[in-house]
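Here is how the chains run, residue by residue.
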Amino acid sequence: MNVTLILILLLVGSFATFLAGDKLASKIALFFSVLSLGYSIVLLNLFNAGENISFISQWIAQPNISFALKADGLSLAMILLTTVLTPLIIFSSFGNEYKNSKSFYALILFMAFAMVGTFLAADGLLYYIFWELALIPIYFIALLWGNGDAEDRKKAVVKFFIYTLAGSLFMLVGFVYLYQKAGSLLLDDLYKLQLSDAEQLWIFLGFFLAYAIKIPIIPFHTWQAKVYQKAPTVGTMLLSGIMLKMGLYSIIRWQLPIAPLASKQYLFIFVGLGIAGVIYGSIVALRQKDLKKLLAYSSLAHVGLIAAGTYTLTLDGLRGAVLQMIAHGFVVVGLFFAAEIIYRRYETRTIAEMGGIRSQSPKFTSMFMILVLASVALPSTFNFIGEFTVLYSLFQINIWFAILGGTTIILGAYYMLKMFQHVMLGATNSKIFADVTINEGITLITIIAVLFFFGLYPKPITDLITPSLENILTIINRN
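Within each chain, residues carry numbers counting from 1 in the order of the written sequence. Note on the predicted model: pLDDT of at least 70 is required for a residue's local features to be given, and 80 or more for side-chain atom pairs to be given and counted; whole-chain, interface and lining totals, by contrast, use all residues. Derived side-chain values reflect all non-hydrogen atoms in the structure, with water molecules and hydrogen atoms excluded from consideration.

J.: Is there a simple way to explain the overall build of the chain in this structure?
T.: By the criteria applied, helices consist of DSSP H or I runs no shorter than four residues and strands consist of E runs no shorter than two, each listed in order from the N terminus. Helix and strand content of the chain: 21 helices and two strands. In this setup the radius of gyration rests on C-alpha atoms only. A globule is expected at 2.2 Å times the number of residues raised to 0.38. At 21 Å, the chain has a C-alpha radius of gyration in line with the 23 Å of a compact globule built from 479 residues. Taken over the C-alpha atoms alone, the chain extends approximately 70 × 55 × 45 Å along its principal axes. Exposed residues in this analysis have more than 50% of their type's maximum accessible area, buried residues have under 20%, and partly exposed residues fall in between, with area computed by a 1.4 Å probe over protein chains only. Considering the chain as a whole, with its 479 residues, one finds that 62% of them fall into the buried category. Looking at the chain alone, contacts between residues at least 24 apart form 82% of all its contacts between residues at least 6 apart. Contacts are assigned to residue pairs with any non-hydrogen atoms lying within 4.5 Å of each other.

J.: It is not clear to me how the pattern of salt bridges should be interpreted in this structure. Could you clarify?
T.: Note on definitions: salt bridges are taken to be side-chain nitrogens of Lys or Arg within 4 Å of carboxyl oxygens of Asp or Glu. Per the stated rule, a full pass over the model turns up eight salt bridges. With a closest N to O distance of 3.5 Å, Glu340 and Arg349 form a salt bridge. Just as Glu340 is buried, Arg349 falls in that class too. Taking the shortest distance from any N to any O, the salt bridge between Asp463 and Lys459 comes out at 2.6 Å. Here Asp463 and its partner Lys459 are both found in helix α21 (residues 459-476), four residues apart, which amounts to about one turn of the helix.

J.: Just to check I follow, could you spell out the packing of helix α1 (residues 4-20) against helix α2 (residues 25-48) for this structure?
T.: The relative placement of two packed helices is expressed as an angle between their axes plus a distance between the axes. Packing of α1 against α2 leaves a shortest axis separation of 8 Å and a crossing angle of 175°. The angle between α1 and α2 falls in the class roughly antiparallel. Packed against α1, whose contacting residues are Leu5, Ile6, Leu9, Leu10, Val12, Gly13, Ala16, Thr17 and Ala20, the element α2 presents Ala25, Ile28, Ala29, Phe32, Leu35, Ser36, Tyr39, Ser40 and Leu43 at the interface. In this classification, Asp, Glu, Lys and Arg are treated as charged, Ala, Val, Leu, Ile, Met, Phe, Trp, Tyr, Cys and Pro as nonpolar, and every other residue, Gly included, as polar. Among the residues forming the contact of α1 with α2, the class breakdown is 14 nonpolar, four polar and no charged. Between N-to-C directions, angles cover 0 to 180 degrees, with each direction set by a line fitted to C-alpha atoms, over the stretch in contact for helices. Here roughly perpendicular refers to angles of 65 to 115 degrees, roughly parallel to angles under 35, roughly antiparallel to angles over 145, and oblique to all remaining angles.

J.: What is the right way to look at helix α19 (residues 407-424) in this model?
T.: An α-helix turns once per 3.6 residues; consequently, residues spaced three or four apart project the same way. For α19, built from 18 residues, the straight-helix expectation of 26 Å at 1.5 Å per residue is met to within 8% by its first-to-last C-alpha distance of 25 Å. If you check which residues of α19 are buried, you get Thr408, Gly412, Tyr415, Met416, Met419, Phe420, Val423 and Met424. Residues of α19 that are buried make contact with α13 (267-286), α14 (291-310), α15 (315-346), α16 (362-375), α17 (382-397) and α18 (399-405). One or two residues past the end of α19 sits Gly426, with phi positive at roughly 90°. The span one expects for a helix is its residue count, reduced by one, times 1.5 Å.

J.: Hey, could you run me through the UniProt feature "domain: NADH:quinone oxidoreductase/Mrp antiporter transmembrane" (unreviewed entry) in the chain in this one?
T.: The sites that UniProt annotates as "domain: NADH:quinone oxidoreductase/Mrp antiporter transmembrane" (unreviewed entry) are residues 123-407. For residues 123-407, helix accounts for 79% and strand for 0%, while the C-alpha atoms at its two ends are 39 Å apart. UniProt positions are given in the numbering used here, feature names are shortened, and annotations may be inferred rather than shown by experiment.

J.: Explanation requested: the packing of aromatic side chains in the structure shown.
T.: Only centres within 6.5 Å qualify two rings of Phe, Tyr or Trp (six-membered ring in Trp) as a pair; their planes then separate them into stacked at under 30 degrees, edge-to-face at over 60, and tilted for everything else. Within the structure shown, the criterion is met by 38 aromatic pairs. Between Trp223 and Tyr228 the ring centres are 6.2 Å apart and the planes differ by 70°, which places this aromatic pair in the edge-to-face class. Taken as a pair, Trp223 and Tyr228 share a single burial class, namely buried. Across from the ring centre of Phe18, 4.9 Å away, lies the NZ or CZ of Lys102, which sits over that ring. Two limits define a charge over a ring: the Lys NZ or Arg CZ must be within 6 Å of the ring centre, and within 35 degrees of the ring normal. Sitting over the ring of Tyr343, Arg349 keeps its end group 3.8 Å from the ring centre.

J.: Looking at this model, I keep getting lost on a nonpolar patch on the surface. Mind explaining?
T.: On the surface, Phe388, Tyr392, Phe395, Ile399, Trp400 and Ile403 cluster together into a nonpolar patch covering about 690 Å² of accessible area. Secondary structure elements with two or more residues in the nonpolar patch: α17 and α18. The residue Phe388 is located in helix α17 in this model. Exposure above 30% relative accessible area and the lack of any salt bridge qualify a residue for a patch; like charges then connect within 9 Å, and the nonpolar side chains Val, Leu, Ile, Met, Phe, Trp and Tyr within 5 Å. In this description, accessible areas are obtained by the Shrake-Rupley approach with a 1.4 Å probe, and a residue is regarded as covered only by the protein chains that are shown.

Pasting the structure below:
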């Protein structure tokens, strides 16, 4: 079966959603997102059966550009993350009303199309096109349907757009240079290049700017908290749950194998930047009074640890990073959705104005508590598997990296449990907190089920991604 069909499904779904009109838009979008999930499972089964589901075809003769899609275990894991979370995110939005909803839901599916394309692309120009396409829908989602003062929102979103676009231009310059050397931008051809130390350093840094802004890694994080706060919750979930994984995935797929000497020579610097993000994000999260901003800085701390794991250049580091990418995707979507549920009832995101929810909604309190514990890597949850593996890889490089990286668990437990205490406990709030609806309950229970299932049995994912990561490490260590 052709792997391009998943892209066609999402793109056709986006247009069909727009043409369906406002009344049917959400249902059509959900239908096509579930359809794409079903097809991604079909692709997974074909891949496990040993079939070659990658695709390559000549696209542009001059310059020599191919429409090439690489479907291995790593890309399939990221596609499954995208196609599982997209219908969950769409379904979670059913409790809200959106003006011009046909455009809103069409943009969500178009963004999913671009992100899946980014995870599949095996030609540099095709990859760059998908990478930039993913930026357009989230820009409009955050700008048109975001929260708060329109002028403040516009400033935050425009800064994000320009900042991200500018960083990506350095990556484009890197691809132009690589094309001059290889005569092609096919991933396999780029892997075979024998670049000098200086060439690898400049390519490495050009790619790093694009990825560090997208993830984000400090000091390139200044756009993140404001955009997460101003974007509608659906936009925040797309950004934190899936889009930032594009940068982390790209480090493993593109940056490290193309510039392996630079990766090894400056390993300590880039692992150190990741660790710095862990500490900085955790400390700033402690001071937040807005629930969405607290979760934004918490996410910054977690992705800092994931980035550190990718730059260890060890199998445990890469495997732990991918596991944690997937786990973080689910738990952060769950936490932002829980914040949205509270906002629907209290119409505030200020932590000081919450409290007393436990006495009114013990079911929601229990589910929120599970998400909080998963976020701080409680054993038996998916996040524990990823964080433990990453910390072990850091220990292999330097014990101090492991100790400093481990502060994410200690500090995370402190600020997340403190937040839970202020938000959920205390005297009964004067505002009425209605119990979770069936829609909200299904979304939260699904996320919790995934976190526990793979926390207890991560083997299906490790078996899927390990061969791809071993191949990438072989390329990294070829010299």
